[in-house]
Amino acid sequence: MAVTVKTFENSPAHQPSLETSSVSDDMSSKKDLQNEQPLGEDVQKIINTARTSPAPALGAWLMSGLTACLMWASFTPLDYGPLGWVCLIPLLLLVRVPRKTRLMYTAIYCSGLLFTTLSFQWMRLGDPSMYVAWIALAVYVACYFPLFVLLTRMAVHRFHLPLPLAAPVMWVGLEYVRAYLLTGFSWYYIGHTQYRWIELIQISDITGAYGVSFLVVMLAACFADLLPASLMRRFKLFPPKQSPEEQSMDQISLKQIVQTAVCLGLFFAVLGYGYVRRSQAEFQAGARIALIQGNFPTSVKHDPNAWRSIYLKHQILMGAAVRYQPDLIIWPETMFRWPLIERNGKTNQELQTIAPEVPLEKWSEPSVRKALINMSQEANAALVIGLDTISAGDSKVDHFNSAAFIRPDYGLVSRYDKIHRVPFGEYLPLRDTLPFLSMFSPYGATFGIEPGKHAANFEYKNWNFAPIICFEDTVPHLVRSMVNQSSDSDANEKSIDCLVNLTNDGWFHGSSELDQHLITASFRCVENRTPMVRAVNTGVSAVIDGDGMIVEPDVFIDGDNQGRTSFVNSKTGRWNKSLNAVLVDTIPLDNRTSLYTRYGDWFAGTCCFCAMFIFFMALLTPKRKPVPAKS
């Protein structure tokens, strides 16, 4: 029996037709394309992200941290001034890269905070309550570092300005803002690192100290612009996938060569100007002065039981100075501890209304005036004495930080009241609105002095002296206004012969503040072509000529009998601090005039305007999308 086997797959019913097979294949192909299309978009998105992603954050931390360390070393206490020329170069590399790195502004701010915290640490020495002020100031000033980078990047990458032009303009503009904002803080300008280079800083009589800062930042930016891109890649400032702009940074262009030539030309022009201006000086002998420097920490100064010993020590030092027959003897700020009481013509009834808690006989107490006049007559010299003044006002009793001027022939003839007060040290900002701020002051909520109303001119023999107190000698626009206000109306003839600074740096226990205060003050002399004498409790007392040169005095008396013969330590080359001393010298009168005294901060103000213009233009101008890097 034959068996026929039929295969299932060969059955005609199960064999697809040609048409059916074609449609099925087409549908399968469409499904495959639909599945592959999203996959291709994801891959392309990943590739584009890799091409436009920024460099890692490590480079920003390294560069900004290096700037913070170098900048700290360029100021006191290390005081390595040449580092001022290079300290900003690492930070400027972060400006130069077309794409900012990850966490770049965070790294810059943290590094800036490192610099300000270390540099301002002397503030904490005044009182435990000043720790908060120290940190608050450090936090505030650190904000200027990322702001500088942001503004300079806008100028360079959005508006295509050359880095050697944009960087110094933005830096000086921000220094100018810092001089005014929140009562001002004109310390630690980058130009201050060059105080030893006397010829270089002479440009300050045109531009203020801001001109020196401009020059330092300009040359740093010029050098940063010439560094090879390979070095920047080594520090991880470029991402792995680079744009055409980033790849083209390896070549030095003709534009960079021209920029370098211009920057060097400007540098040598400024240096040449300094040599010319110094050669024009014809210093003439002025008044013979004696600077009395006690050595009393603030804790002793505010102890009434110590007032007599402070007075006797200054009397002994003054007695040692009298043998050199000075014309003018100067005591430091508030070192005559008994206050000068001024009733200002008020009747007894008015005084009882103003201050019922004060006995009437106190307003007529003549002992302080008699003591000051007797001191002047015994020394046969005029005196400028730092003391407190209690003055009867129209509705209340006013307290001033004053410099009293006493002449041997006319007695107490004038007084200057400090204008620029120190926040938390001499007054509480927003005392009524935010009363809790009193915990940040060493004296509590009830303490505070009133600001003076105008500058003063102490006239003696043929000389005119403009007194300034404490940190006022660090404020450029204030000192300039005092020189102008104290001068005659004739703008062509300078009448102020010397600035007289009375300071109490006993708050800071011989720290770097004493050195930095002196360095900052020296720029006021160049700006106004006016010498300055400084009588400073604990130091550093000094005579500074119109070139900003801190000169060795004719006579140095060691009030501690330690064998010191100079205010400079012969072993370290640093200024002696925390000692009793007397400095006697003749004031070197300066015959030159100053454009800065006449026209003020025109240069820094212009830079500030340019910085603000760039900022607002960047806000109004749409930002270009980054060009993807080529693989």
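Each remark here, short or long, concerns the structure printed above.
(A) Expanded view of the pattern of salt bridges. Scanning the model with the defined rule gives 24 salt bridges in all. Between R288 and D554 there is a salt bridge; the shortest N-O distance is 2.9 Å. Residue R288 is found in strand β1 (residues 284–293), and its partner D554 is found in the loop between β12 (550–551) and β13 (555–558); the two are separated by 266 residues along the sequence. A salt bridge links D398 to K396, with the shortest nitrogen-to-oxygen separation between them at 2.6 Å. Taking relative accessible area as the criterion, D398 reaches 15% and is therefore assigned buried. Of the residues examined, K396 reaches a relative accessible area of 38% and is grouped as partly exposed.

(B) Summary view of the packing of helix α9 (residues 209–226) against helix α21 (residues 602–620). At a minimum axis separation of 8 Å, α9 and α21 run at an interaxial angle of 55°. Judged on the interaxial angle alone, α21 and α9 are oblique. For the pair formed by α9 and α21, the contact residues are Y210, G211 and F214 on the first element and F603, A604 and C607 on the second. Grouping the constituent residues of the contact of α9 with α21 by class yields five nonpolar, one polar and no charged.

(C) View of the nonpolar core. Counting 144 residues, the largest nonpolar core has L92 and F465 as its most contacted members. Broken down by element, the residue count for this core peaks at 13 residues, all from α9. When near neighbours in sequence (up to four residues on either side) are disregarded, L92 contacts F148, L163, A167, V217, A220, A221 and A224. Grouped together as the second largest cluster of nonpolar side chains are 26 residues, L317, I329, L372 and A381 included.

(D) Representation of the sheet that holds strand β8 (residues 463–469). Within the open sheet, the six strands sit side by side as β7-β8-β9-β10-β11-β12. Their pairing is mixed. One side of each edge strand has no neighbouring strand; the edge strands of this open sheet are β7 (458–460) and β12. In this structure, β7 lies alongside β8, joined through three bridges in antiparallel fashion. Bridge pairing in β8 links E459 to N464.

(E) Structural detail: the packing of aromatic side chains. Summed over the entire model, instances satisfying the criterion amount to 35 aromatic pairs. Here the aromatic rings of Y140 and Y144 are separated by 5.4 Å at their centres, their planes lie at 80°, and the arrangement is edge-to-face. Here Y140 and Y144 have matching classes, each one buried. Consider the rings of Y311 and W338, whose centres lie 5.8 Å apart with planes at 85°: the pair is edge-to-face. Taken together, the positions of Y311 in helix α14 (residues 307–322) and W338 in the loop between β2 (328–330) and β3 (340–342) put the pair 27 residues apart, joining distant regions of the chain. Accessibility expressed as a relative area gives 18% for Y311, which makes it buried. Judged by relative accessible area, W338 falls into the partly exposed class, the value being 32%. Put simply, the rings of F75, F115, F120, W122, F145, F148, W171, F185, W187, Y188, F471 and F508 pair up and form one aromatic cluster.

(F) Seen up close, the environment of Y599. Considering the arrangement of structural elements, one finds Y599 in helix α20 (residues 595–599). The class of Y599 is exposed, set by a relative accessible area of 52%. Separated by 119 residues in sequence, Y599 and R480 place their C-alpha atoms 9.6 Å apart.

(G) Broad picture of helix α19 (residues 512–528). Spanning 17 residues, α19 covers 26 Å between terminal C-alpha atoms, matching the ideal 24 Å at 1.5 Å per step. The buried fraction of α19 amounts to 17 of the 17 residues, a majority that puts the element mostly inside the structure. Count one or two residues on from α19 and you reach R529, which has phi positive near 50°.

(H) Layout of the environment of S74. Checked against the element boundaries, S74 lands in helix α2 (residues 58–74). Residue classification places S74 among the buried positions, given a relative accessible area of 1%. Separated by 13 residues in the primary sequence, S74 and C87 have C-alpha atoms spaced 7.9 Å apart. In contact with S74, not counting residues within four places along its chain, are D79, Y80, G81, L83, G84 and T193. A distance of 2.7 Å separates the side chain of S74 from the backbone oxygen of M71, its partner in a polar contact.

(I) Just the pairing of strand β10 (residues 532–537), in detail. Burial runs high along β10: six of the six residues are buried. Here β10 shows no split at all, with M532, R534 and V536 on one side and V533, A535 and N537 on the other all buried. Pairing geometry for strand β9 (residues 498–504) and β10, over six bridges, is parallel. Bridge pairing in β10 places N501 opposite R534. In this view, the connection linking β9 to its parallel neighbour β10 by way of α19 has right-handed handedness.

(J) Fine view of the side chain of T530. Among the secondary structure elements, T530 is positioned in the loop between α19 and β10. Judged by its relative accessible area of 0%, T530 falls in the buried class. Of the polar contacts made by the side chain of T530, one reaches the backbone oxygen of N528; its length is 2.8 Å.

Criteria and thresholds
- Residues numbered from 1 in each chain as written.
- Predicted model: local features only at pLDDT ≥ 70, side-chain atom pairs only at ≥ 80, totals over all residues.
- Heavy atoms only, no water.
- Salt bridge = Lys/Arg side-chain N within 4 Å of Asp/Glu carboxyl O.
- Helix = DSSP H or I, 4+ residues; strand = E, 2+ residues; numbered from the N terminus.
- Buried < 20%, exposed > 50% of the residue type's maximum accessible area, 1.4 Å probe, protein only.
- Axes fitted to C-alpha atoms, helices over the stretch in contact; angles between N-to-C directions.
- Parallel < 35°, antiparallel > 145°, perpendicular 65-115°, else oblique.
- Contact = heavy atoms within 4.5 Å.
- Nonpolar A, V, L, I, M, F, W, Y, C, P; charged D, E, K, R; others polar.
- Core = buried A, V, L, I, M, F, W, Y, C linked by side-chain atoms within 4.5 Å.
- Pairing = 2+ DSSP bridges.
- Phe/Tyr/Trp six-rings, centres within 6.5 Å; stacked < 30°, edge-to-face > 60°.
- Expected span 1.5 Å × (residues − 1).
- Polar contact = N/O pair within 3.5 Å; in protein donor to acceptor, adjacent residues only side chain to side chain.
- Right-handed = clockwise from strand over helix to strand, strands pointing away.

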